[in-house]
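Residue-level listing of the chains:
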Amino acid sequence: MRIRNLLPSVQRAAANDADHPFYSLQRQMNSLFDDFFTGFDATPRSLASGVGAFSPSIDVKESDKDFVIRAELPGVEEKDIEVTVTNDAVAIKGEKKEEKEDKGKNYYYMERSYGSFNRVIPLGTETDADKAHASFKNGVLNITIPKSAQAKAKGTKVPIKAT
Amino acid sequence: MMEKEMQKTENVSATERIRNVKTFVPRVDIYEDKDSLFLVADMPGVDEKTVDIELEKNVLTIAGRVENGRIKDGTLMYSEYEIGDYERVFTLSDEIDRDKIVATVKNGVLRLELPKAEKVKPKKIAIKAA
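Quick notes on the rules
Residues numbered from 1 in each chain as written. Chains lettered and ligands numbered in written order. Predicted model: local features only at pLDDT ≥ 70, side-chain atom pairs only at ≥ 80, totals over all residues. Heavy atoms only, no water. Helix = DSSP H or I, 4+ residues; strand = E, 2+ residues; numbered from the N terminus. Buried < 20%, exposed > 50% of the residue type's maximum accessible area, 1.4 Å probe, protein only. Contact = heavy atoms within 4.5 Å. Areas by Shrake-Rupley, 256 points an atom, 1.4 Å probe, with all protein chains shown as cover. Pairing = 2+ DSSP bridges. pLDDT = per-residue confidence, 0-100. Core = buried A, V, L, I, M, F, W, Y, C linked by side-chain atoms within 4.5 Å. Axes fitted to C-alpha atoms, helices over the stretch in contact; angles between N-to-C directions. Phe/Tyr/Trp six-rings, centres within 6.5 Å; stacked < 30°, edge-to-face > 60°. Lys NZ or Arg CZ within 6 Å of the ring centre and 35° of its normal.

A word on the overall build of chain B. Secondary structure summary: chain B contains 1 helix and 10 strands in total. Helices and strands in chain B line up, N terminus first, as α-β-β-β-β-β-β-β-β-β-β. In chain B, buried positions account for 42% of the 130 residues. Partitioning the intrachain contacts of chain B with sequence separation of at least 6 by distance along the chain shows that 53% fall at a separation of at least 24. If you sum the accessible surface of chain B, you get close to 8000 Å²; carbon and sulfur atoms cover 52% of it.

As structure tokens, this is what we get:
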């Protein structure tokens, strides 16, 4: 823990709950159970690729209307990414290519990773796949998938009449 | 174990900053050929406007800011990465020709070319037949 976290005067107000270590632990536990119970549809991230190969980090947010998915894909070309949306899942496929010009050079640091990846994210709700759109900027992929009218309609309020 | 490896490394030595965000150490590749040294850093989310390269004496600092990284509305279902700035410091030797450093950013990858100074380039010595 950093010292400044212990100093009340400079302690940052937790910007949002998601930053709190407890929530992050809870989230990790949740995703562990999710990985298990969603069956083998969603390849756990740790198994999604070979050792040391590139696998993108993904954030998924759900709102009433849609799903927003963000993935960090630094160094991947737009044309090398393939996004497939089915009714209740989205697949991101692509390849981070190692620059060929690097071959045969002397390396001092090699921390970046390369390779092809394929990640399937089950959404668990019916989506309107036709209206999905994606953009790619500065190495970050952004996908928005609206929920289907049916899915949105779930939970319609039933008026109660006084008798 | 591996999952941990894939995640961003938080920069714990970062000094107190004005912006209320975390700082990460970008992953880099450094390699050389006979003319130059190359530094390639993965910094997803930065562009040429938000990346900052500073060379003070022989200390090279690369830094990047990520704006609007968070998805604003909705509940988080999966979260595999955190949003934050990038910063990493390198020490250069005198063998770099500082005036000719070239930097480019593309698809969230920063690429620096650090040309070697003339005096340290390998030279072939012609042998004269005596």
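Still more ground to cover, so stick around.
Moving on to the pairing of strand E4 (residues 36-42) of chain B. Residues and elements named next belong to chain B. For E4, the tally of buried residues reaches 7 of 7 residues, placing the bulk of the element in the interior. Side chains Ser36, Phe38, Val40 and Asp42 of E4 all project onto a buried face; the interleaved residues Leu37, Leu39 and Ala41 project onto the opposite face, where all are buried too. In the sheet, strand E3 (residues 27-32) pairs with E4 via 6 bridges, with the strands oriented antiparallel. Bridging from a neighbouring strand, Tyr31 pairs with Phe38 of E4. The antiparallel hairpin formed by E3 and E4 contains 3 residues in its connecting segment. As paired strands, E4 and strand E10 (residues 109-115) are joined by 7 bridges and run antiparallel to one another. Across the sheet, Leu39 pairs through a bridge with Leu112, a residue of E10.

The mixed open sheet is built from 5 strands, whose spatial order is E1-E2-E8-E6-E5 (chain B). Looking at which strands have only one partner, the edges of the open sheet turn out to be strand E1 (9-10) and strand E5 (51-56) of chain B.

Right, let's get into the pairing of strand E2 (residues 22-25) of chain B. Residue and element names in this part refer to chain B. Bridging between E1 and E2 involves 2 bridges; their strand directions are antiparallel. When the sheet's bridge partners are listed, Glu10 is paired in E2 with Phe24. Note that E2 and strand E8 (residues 84-91) share 3 bridges and pair parallel. Each bridged residue has a counterpart across the sheet, and for Phe24 the counterpart in E8 is Tyr86.

Moving on: the confidence of the model for chain B. Of the residues in chain B, 88% have a pLDDT of 70 or more, and the chain-wide mean is 81. Both scores are available for the predicted complex, with the pTM at 0.69 and the ipTM at 0.73.

Our next topic: the nonpolar core. Of all hydrophobic cores here, the largest spans 22 residues; its most connected members are Leu39(B), Ala41(B), Met43(B), Ile62(B) and Phe90(B). Of all the elements in the fold, those that place two or more residues in this core are E3, E4, strand E6 (59-64), E8 and E10 of chain B. In this structure, Phe54(A), Val76(A), Ile121(A) and Tyr78(B) belong to the second largest nonpolar core, which totals 19 residues.

All right, on to the sheet that holds strand E3 (residues 81-85) of chain A then. All names here are of chain A. What the 3 strands build is an open sheet, ordered E3-E4-E6; its pairing is antiparallel. The strands lining the two open edges of the sheet, one partner per strand, are E3 and strand E6 (115-122). Averaged over all neighbouring strand pairs, the angle between strand axes comes to 10°, with direction disregarded. By the bridge criterion, 5 bridges tie E3 to strand E4 (residues 89-96) in an arrangement that is antiparallel. In the sheet register, Ile81 faces E4, and the bridge partner there is Gly94.

With that settled, consider the confidence of the model for chain A. Across chain A, the average pLDDT comes to 75, with 70% of residues at 70 or higher. At the low end of the mean pLDDT range in chain A sits helix H1 (residues 21-37) of chain A, at 71; at the high end sits strand E8 (residues 140-146) of chain A, at 91.

This next bit is on the environment of Arg70(B). Residue and element names in this part refer to chain B. As for its position among the elements, Arg70 is in the loop between E6 and strand E7 (75-79). Judged by relative accessible area, Arg70 falls into the partly exposed class, the value being 30%. C-alpha separation for the pair Arg70 and Ile83, spaced 13 residues apart in sequence, amounts to 6.8 Å.

Before going further, it helps to examine the packing of aromatic side chains. Within this structure, the stated rule accounts for 2 aromatic pairs over all chains. Centre to centre, the rings of Tyr107(A) and Tyr31(B) are 5.0 Å apart; their planes meet at 45°, and the pair counts as tilted. Separated into two different chains, Tyr107(A) in strand E5 (residues 106-110) and Tyr31(B) in strand E3 make up a pair that spans both. Looking at Tyr107(A), the relative accessible area reads 25%, which means it is partly exposed. Ring geometry for Tyr31(B) against Phe38(B): centres 5.1 Å apart, planes inclined by 20°, an arrangement best described as stacked. With respect to class, Tyr31(B) is no different from Phe38(B); both count as buried. Chaining the aromatic ring pairs together yields one cluster made of Tyr107(A), Tyr31(B) and Phe38(B). In this arrangement the basic side chain of Lys96(A) is found over the ring face of Tyr114(A), its NZ or CZ atom lying 5.7 Å from the centre. Over the aromatic face of Phe67(A) sits the side chain of Lys147(A), whose NZ or CZ is 5.3 Å from the ring centroid.

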